[in-house]
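Report on the structure
Spelled out, the chains give:
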Amino acid sequence: MKQYDVTALGELLIDFTENGKSGQGNPLFEANPGGAPCNVLAMLSKLGHKTAFVGKVGNDFFGEQLKDAITEVGIDAAYLRMDEQVHTTLAMVHTYPDGDRDFSFYRDPGADMMLAEDEIPEELIKDSDIFHFGTLSMTHEGVRAATKKAIRIAKEAGALISFDPNLRPPLWKDMNEARIQVLYGLENCHILKISDNEIQWLTGKEDYTEGVEWINERYRIPLILVSMGKQGSRAYYKGMMVEVSPFLQKNTVETTGAGDTFCGCVLHYICEHGLSDLSEDNLREMLVFANAAASLITTRKGALRVMPEMGEVQALIENQK
C-alpha cells in the first residue's frame, strides 16, 4: 500500500476572475486560488483521497495564500517550494456570457516555471499510486526537465500516470513545440483526459472517435476521456466507447475548473476500481458522476476551494433520473 493516492505536479497560481463592477464602473476581480493540477487534487481530497502537490510559487503574499488554500482543502503542501526571486504566477480570466472564458497570463517568468530537476521529491512520487501532470509545466526547458524526471520516477515505481494537456496557446512560443510535448505526454500516460478542441488540434480529425483512433495507432493508452463541454463526455477503453450526456445548469457562472473536476472524479473512480478490468457499466457510472460534479462547479466562482461534496453530486444524479 502506497501512502498517497494521487500526487500531481504543475502550476499553482492566482486566477483573477471578474466579480462585478465598482461604483466607478471599473471591473472588479476576485483572487481565486487556481491551477489545473491542484484543482484535480482538490476534488480528490473532497472525495476522501490522500493527495500531494509538487510545484513552486513565489515567496510573496499570493504564494502564502496559495499554500494556505491547498492545505485548507486537504492537499499535502509539504512539497510546495517558495521561490525567493520570482513572483507567483497570475492569470486574468475573462468570462463570456455563456460561462466560457479567456485567459491572460502574467508569467514571464512566473514562479511555477522555476521548479528544477533537483527539487523533485523522488520518495513522494514512488509512494503514490497515481501521478498526474499537464503541459503548463512543459512550456520551458527547466521545469520541463523537472516534469520528465518525475514521470520517469513514477514509471519506474509502477504508478499509473494521468495526463491532461490543458493546452494554453498564449504560454507557448511555438505551437509545434507544444505539439511535441503533448505527444510526449501521450507516450507516457495510462489515462488521458483531453478536451474536444485539443483532440481536434492535435490529430486534425473533426470526429472525436477518429481522433482517438489516431492517438491509439501511435500510443496504446488504456483509458482516454474526451470532455465535450455542453455535449457531455466520452470514455474509450479496450475497444469500447461510452458517451454520457451533460448535466446542464441554468445558473452557470463560469466554466473554470470544470474539466479539472471531471478529471479528479475519473481518478477517484480509478482509485476505487483499478484500470485493468472496467466494464461498459463501470465507464458509464464513472462518466455520470464526473459530468455531474463538473456541472456543479460551473455554478460557483473559482474551483479549488469550492469542489462539490460526494452527497451533492449523488443528489444531482438522483434528481436527473
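This text follows the structure it describes.
Residues numbered from 1 in each chain as written. Predicted model: local features only at pLDDT ≥ 70, side-chain atom pairs only at ≥ 80, totals over all residues. Heavy atoms only, no water.

**Side note on the overall build of the protein**
Across its full length, the protein carries 10 helices and 14 strands. Taking 321 residues into account, the globule formula puts the C-alpha radius of gyration at 20 Å, and the protein, at 18 Å, falls close to it. Within the span of the protein, comprising 321 residues, buried residues form 56% of the whole. Within the protein, contacts between residues separated by at least 24 positions form 70% of all contacts whose residues are at least 6 apart in sequence. On the protein, roughly 13,900 Å² of surface is accessible, and the fraction owed to carbon and sulfur atoms is 46%. Here the protein carries 31 positive and 48 negative side-chain charges, and the mean point of each set is 2 Å from the other. (Helix = DSSP H or I, 4+ residues; strand = E, 2+ residues; numbered from the N terminus. Rg over C-alpha atoms; globule rule 2.2 N^0.38 Å. Buried < 20%, exposed > 50% of the residue type's maximum accessible area, 1.4 Å probe, protein only. Contact = heavy atoms within 4.5 Å. Areas by Shrake-Rupley, 256 points an atom, 1.4 Å probe, with all protein chains shown as cover. Lys, Arg positive; Asp, Glu negative; His and termini not counted. Charge placed at Lys NZ, Arg CZ, Asp CG, Glu CD.)

**Here's the deal with unusual backbone geometry**
Of note, the bond from Asp 108 into Pro 109 is cis; its omega dihedral lies within 30 degrees of zero at 0 degrees. Within the fold, Pro 109 resides in the loop between strand 8 (101-106) and helix 3 (122-126). In this model, Asn 166 sits at a positive phi of 45 degrees, which is unusual for a non-glycine residue. Note on Asn 166: relative accessible area 12%, which makes it buried.

**Considering the packing of aromatic side chains**
Counted under the stated rule, the structure contains 5 aromatic pairs. Residues Phe 131 and Phe 133 carry aromatic rings whose centres are separated by 6.2 Å and whose planes lie at 20 degrees to one another, so their mutual orientation is stacked. The exposure class assigned to Phe 133 is buried, which follows from its relative accessible area of 0%. Ring pairing ties together the aromatic residues Phe 16, Phe 61 and Phe 62, which thus form one cluster. The positively charged end of Lys 50 is found above the aromatic ring belonging to Tyr 4, 4.9 Å away from the centroid. Above the plane of the ring of Tyr 184 lies Lys 148, whose end atom (NZ or CZ) is 4.2 Å from the centre. (Phe/Tyr/Trp six-rings, centres within 6.5 Å; stacked < 30°, edge-to-face > 60°. Lys NZ or Arg CZ within 6 Å of the ring centre and 35° of its normal.)

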